[in-house]
Amino acid sequence: MKKRGILNAQLSGLIAALGHMDTFMIGDAGMPIPKGVPIVDLALCAGVPTFTQTLDAVLEEAQVEHYTIAEEIVEKNPELLAYIQEKLPEVGCDMIPHTELKAMSANCRFAIRTGEFSPYPNIILRAGVVF
């Protein structure tokens with residue numbers, strides 16, 4: 001049995017299989033996931049787990065070189081935007097309309113659904129390398 005890190009076997013395996021430049025998404029409870037994109041559904045109930053809890057766990061395991069978020073987060077959820085920027089201070093970022101983010105998610109290797117209910121807590125992360 002694994003002692004630390006992500007215990008969800010499906011999620012742990014998907015993160016371990018990431019290659020440089022692969023993208024994956026962390027989304028809220030209502031984010032539509034395109035057909036064909038594997039879903040790791042962590043949502044238990046409203047607010048469990050939170051987006052921030054999930055992002056924290058993922059960042060402990062995955063190297064990230066870039067991320068994309070919806071530009072609407074600036075106005076609708078500035079606290080979460082500040083949190084993301086604090087967690088990924090040296091990482092490049094694109095802000096695009098939410099509709100484009102949803103379309104972009106079709107190219108993700110997998111998507112993680114959280115129990116988050118706040119506005120625009122969706123992020124597409126691009127895997128980096130550790131060397």
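Throughout what follows, the structure given in this document is the object of discussion. (Residues numbered from 1 in each chain as written. Predicted model: local features only at pLDDT ≥ 70, side-chain atom pairs only at ≥ 80, totals over all residues. Heavy atoms only, no water.)

1. Describing the side chain of H66
Rules: Starting at the N terminus, helices and strands are each numbered in turn, a helix being any DSSP run of H or I of at least four residues and a strand any DSSP run of E of at least two. Here a polar contact means two N or O atoms within 3.5 Å. Within protein one must be a hydrogen donor candidate and the other an acceptor candidate, and residues neighboring in sequence count only if both atoms are side-chain atoms.
Note on placement: H66 falls in strand β3 (residues 64-70). Here D94 takes part through its side chain, which lies 3.4 Å from a polar atom of the side chain of H66.

2. Focus: the pattern of salt bridges
Basically, it comes down to this: When a carboxyl oxygen of Asp or Glu is within 4 Å of a side-chain nitrogen of Lys or Arg, the pair counts as a salt bridge. A simple rule labels every residue: compare its accessible area, found with a 1.4 Å probe on the protein chains alone, to the largest value its type can have, and call it buried under 20%, exposed over 50%, or partly exposed in between.
Under the counting rule described, the total for this entry stands at five salt bridges. For E61, the salt bridge goes to K2, with nearest N and O atoms at 3.6 Å. Taken together, the residues span a long stretch of sequence, with E61 in helix α2 (residues 51-61) and K2 in the segment before α1 (9-16) at a distance of 59 residues. The class for E61 is partly exposed, based on a relative accessible area of 31%. Residue K2 is classed as partly exposed on the basis of its relative accessible area of 38%. Across the pair R109 and D22 runs a salt bridge whose closest N-O atoms are separated by 2.5 Å.

3. A look at the state of the cysteines
In plain terms, the rule: Criterion for a disulfide: a pair of cysteine sulfur atoms within 2.5 Å.
This model, assessed by the stated rule, comprises zero disulfides. Considering cysteine sulfurs only, C93 is the nearest to C108, which forms no disulfide, with 15 Å between them. The class for C108 is buried, based on a relative accessible area of 7%.

4. Remarks on the sheet that holds strand β4 (residues 92-96)
Keep this limit in mind: Whether two strands pair comes down to DSSP finding at least two bridges between them. Angles shown run from 0 to 180 degrees and are taken between the N-to-C directions of axes, each axis being a line fitted to C-alpha atoms and, for helices, limited to the stretch in contact. The contact rule is simple, with two residues in contact once any of their heavy atoms fall within 4.5 Å.
One open sheet holds the six strands; their spatial order is β2-β5-β1-β6-β3-β4, and the pairing between them is mixed. Where the open sheet ends on each side, the last strands, each with one partner, are β2 (39-41) and β4. When the angles between neighbouring strand axes are averaged without regard to direction, this sheet yields 20 degrees. Where β3 meets β4, five bridges bridge the pair, whose relative direction is parallel. Its bridge partner being in β4, I69 is matched across the sheet by M95. Packed on one face of the sheet, helix α4 (residues 78-87) meets β3, β4 and β6 (123-127) and runs near 170 degrees to β3.

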